[in-house]
Amino acid sequence: MNERNKEKLYKLITIVCVVLCLLLIGRVAADELTDVKKAVPPYEPPAIRPASSVQTAARETQTVLDEEAIAEKLGGYLTQALPLRDVAVSIHESGRVTVSAVCPRQRLLRFLKSGGDRVVGLGLLERLLPGQIALSLTADCTCDEDSRLIAAAPAEAAVGDVTIAFGELPQSLFDHVTRGLNKLLLDEGEAFSQIVFTDGAIILKP
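Residues numbered from 1 in each chain as written. Predicted model: local features only at pLDDT ≥ 70, side-chain atom pairs only at ≥ 80, totals over all residues. Heavy atoms only, no water.

Turning our eyes to something else, we now look at the sheet that holds strand β2 (residues 85–91). Read from one edge to the other, the open sheet built from five strands follows the order β2-β3-β4-β5-β6, with strand pairing classed as antiparallel. Edge positions in the sheet fall to β2 and β6 (162–163), since each has one partner strand and no second. The strands that helix α3 (residues 67–78) touches are β2 and β3 (96–104); relative to β2, the one it contacts most, it runs at about 140°. Packing of helix α4 (residues 105–114) onto the sheet brings it into contact with β3 and β4 (132–143), and relative to β3 it is tilted by some 120°. (Pairing = 2+ DSSP bridges. Helix = DSSP H or I, 4+ residues; strand = E, 2+ residues; numbered from the N terminus. Contact = heavy atoms within 4.5 Å. Axes fitted to C-alpha atoms, helices over the stretch in contact; angles between N-to-C directions.)

Listed as buried for α4 are Arg 105, Leu 108, Leu 109, Phe 111 and Leu 112. The buried residues of α4 occupy one face: seen down the axis, they fall within an arc of 160°. Pointing more than 90 degrees away from the buried face of α4 are the exposed residues Arg 110 and Ser 114. (Buried < 20%, exposed > 50% of the residue type's maximum accessible area, 1.4 Å probe, protein only. Arc of directions from axis to C-beta.)

A few words now on the packing of α3 against helix α6 (residues 171–188). Remark: α3 packs on α6, axes separated minimally by 9 Å, with the N-to-C direction vectors making an angle of 115°. You can see that α3 and α6 cross each other, and the crossing is right-handed. Of the residues in α6, those touching α3 at Ile 70, Lys 73, Leu 74, Tyr 77 and Leu 78 are His 176, Val 177, Gly 180, Leu 181, Lys 183, Leu 184, Asp 187 and Glu 188. A per-class count over the contact of α3 with α6 returns seven nonpolar, two polar and four charged. (Left-handed = near helix turned anticlockwise from the far one by under 90°. Nonpolar A, V, L, I, M, F, W, Y, C, P; charged D, E, K, R; others polar.)

One broad rule of soluble globular proteins: the nonpolar side chains tend to lie buried together. If you look at the biggest cluster of nonpolar residues, it comprises 39 residues, and the most contacted ones within it are Val 89, Leu 185 and Ile 202. Top contributing element to this core by residue count: α6, with six residues. Excluding anything up to four places from it in sequence, Ile 202 contacts Thr 63, Val 64, Leu 65, Ile 70, Ile 91, Ile 150, Leu 185, Ile 195, Val 196 and Phe 197. (Core = buried A, V, L, I, M, F, W, Y, C linked by side-chain atoms within 4.5 Å.)

Another aspect to go through is a nonpolar patch on the surface. Side chains of Leu 12, Ile 15, Val 16, Val 19, Leu 20 and Leu 23 sit close together on the surface and give an oily, nonpolar patch of about 570 Å² of accessible area. Position of Leu 20 among the secondary structure elements: in helix α1 (residues 3–39). (Patch = residues over 30% accessible without salt bridge, like charges linked within 9 Å, V, L, I, M, F, W, Y side chains within 5 Å. Areas by Shrake-Rupley, 256 points an atom, 1.4 Å probe, with all protein chains shown as cover. Salt bridge = Lys/Arg side-chain N within 4 Å of Asp/Glu carboxyl O.)

Right, let's talk about α3 for a bit. In this model, α3 (twelve residues) spans 17 Å end to end at C-alpha, consistent with the 16 Å of a helix rising 1.5 Å per residue. Looking at α3, one finds that the buried residues are Glu 67, Ile 70, Ala 71, Leu 74, Gly 75 and Leu 78. For α3, the angular spread of buried residues about the axis comes to 130°, placing them on one side. Opposite the buried face of α3, at more than 90 degrees from it, the exposed residues are Glu 68, Glu 72 and Gly 76. (Expected span 1.5 Å × (residues − 1).)

What follows covers the side chain of Thr 138. If you trace the backbone, Thr 138 turns up in strand β4. Reaching out from Thr 138, the side chain makes a polar contact with the side chain of Thr 98 at a distance of 2.8 Å. If we ignore the near neighbours within four places in the chain, the residues touching Thr 138 are Arg 96, Val 97, Thr 98, Pro 154, Ala 155, Glu 156 and Phe 174. (Polar contact = N/O pair within 3.5 Å; in protein donor to acceptor, adjacent residues only side chain to side chain.)

Given below as structure tokens:
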């Protein structure tokens, strides 16, 4: 075999080797791409929660009402029978709740008389000058097992700077404030079954 034929043969062998290498590289790349596709999990859209489950979760959320929120809204539940302003509320974890406010002397006197309350403070009220007077009521509150609402036992009451004796506490006034507080809780907390008192707040639990 002459030199020219040997040169042609070497070129042919080189070309064949290059083609085989390219085919091998392509095969390896194709296999790796296939493995990557297999490793990626198929796309699954997020589950859509039905409206009923969303509402159930909302009902299970507890409602926290602090002293400021209760004081701001309580006046609106009491003003029809007894207009109050500057309402303030103090809450203790023991369940002792104090509601203080300012109201017209004549309206307070009329309210106490209409409720049949016989209090020592009535005589004092009649002697006070017309105008606004400060009123403070303190009650020991619990969650009634039957109604799941607040049951209040009168503890202290004061008109102006005068503290009313325990045996003369105005029950009708305490009942009026308790009803207003329960209406507020019913409007603020949907389907609650438990009332928990903490320092500075009332918690309504489902």
